[in-house]
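# Observations on the three-dimensional arrangement
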Amino acid sequence: MPTRTAEQKRLAEKAAYDAYLAACPTRKLLDEIAGKWVSLVLVALGDGPMRYSDLSRRIAGVSQKMLTQTLRVLERDGLLHREVTPSVPVRVDYSLTPLGESLRALMSAFKDWAESNFDEVSTARADYDARTPDLTIGPGGAG
């Protein structure tokens, strides 16, 4: 029986991922990248490298704790690069890696869809709430 090449093994392992299975590691990755702060940070960094304070101003409502946490997760996952420039004060810039850029394109499409279709979704929600007043879903949605 012929031995499999490293590429064949890699492809076989990749094919074995199934996010519908609770134990699949891609489920955790989907959970991480599906957060609103992740999508907004990735889309904001699509405009080019930014400092922490620039990101904080750009993404209204994000707390310091959540922005820091989000940046660390994205760096750990290889989606962004953190560059420290020694100066007084120290300068830290964040930029997307090629992997992060590939995800940014998808997140940007989600953001654009939400902005383009919010009125229709809002109308559908109001219609639903009017039909089923005791089953109203809270502002966080059904997630």
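Quick note: structure is the one above.
Quick look at the structure, then. Keep in mind it's a predicted model, so treat the numbers as computed, not measured.

Taking 1.5 Å as the rise per residue, helix α5 (residues 64-76) with 13 residues should run 18 Å; its terminal C-alpha atoms sit 18 Å apart, in good agreement. Taken together, the buried positions of α5 are occupied by Leu67, Thr70, Leu71 and Leu74. Down the axis of α5, the buried set is contained in an arc of 100 degrees. They therefore lie on one face. Turned more than 90 degrees off the buried face of α5, the exposed positions are Lys65, Arg72 and Arg76. Gly78 sits one or two residues past α5 and shows a positive phi near 80 degrees.

Taken together, the three strands give an open sheet; going across it, the order is β1-β3-β2, and neighbouring strands pair in antiparallel fashion. The two strands at the open ends of the sheet, each matched to only one other strand, are β1 (50-51) and β2 (80-85). Where β2 and strand β3 (residues 91-96) come together, six bridges link them in antiparallel fashion. Each residue of the ladder has a partner; that of Arg82, found in β3, is Tyr94. Of the strands in this sheet, β1, β2 and β3 are in contact with helix α3 (residues 36-45), which crosses β3 at around 95 degrees.

Another point: the side chain of Arg104. With respect to the helices and strands, Arg104 occurs in helix α6 (residues 98-131). In this structure Arg104 comes out as buried when scored by relative accessible area, which is 18%. The residues contacting Arg104, other than those within four sequence positions of it, are Leu42, Val43, Gly46 and Leu96.

Counting residues in each nonpolar core, the largest one holds 22 residues, and the members touching the most others are Val41, Leu42, Leu45, Leu55, Leu71, Leu74 and Tyr94. For this core, the elements supplying multiple residues, two or more each, are α3, α5, β3 and α6. Among the elements that take part in this core, α3 stands out by supplying seven residues, more than any other. Ignoring sequence-local partners within four residues, the contact set of Leu74 consists of Val38, Val41, Leu42, Leu79 and Leu80.

Between α3 and α5, the shortest axis-to-axis distance is 10 Å and the interhelical angle comes to 70 degrees. With respect to their mutual orientation, α3 and α5 come out roughly perpendicular. On α5, the residues that touch Trp37, Val38, Val41 and Leu42 of α3 are Met66, Leu67, Thr70, Leu71 and Leu74. In terms of residue class, the contact of α3 with α5 is built from eight nonpolar, one polar and no charged.

Quick notes on the rules
Residues numbered from 1 in each chain as written. Predicted model: local features only at pLDDT ≥ 70, side-chain atom pairs only at ≥ 80, totals over all residues. Heavy atoms only, no water. Helix = DSSP H or I, 4+ residues; strand = E, 2+ residues; numbered from the N terminus. Expected span 1.5 Å × (residues − 1). Buried < 20%, exposed > 50% of the residue type's maximum accessible area, 1.4 Å probe, protein only. Arc of directions from axis to C-beta. Pairing = 2+ DSSP bridges. Contact = heavy atoms within 4.5 Å. Axes fitted to C-alpha atoms, helices over the stretch in contact; angles between N-to-C directions. Core = buried A, V, L, I, M, F, W, Y, C linked by side-chain atoms within 4.5 Å. Parallel < 35°, antiparallel > 145°, perpendicular 65-115°, else oblique. Nonpolar A, V, L, I, M, F, W, Y, C, P; charged D, E, K, R; others polar.

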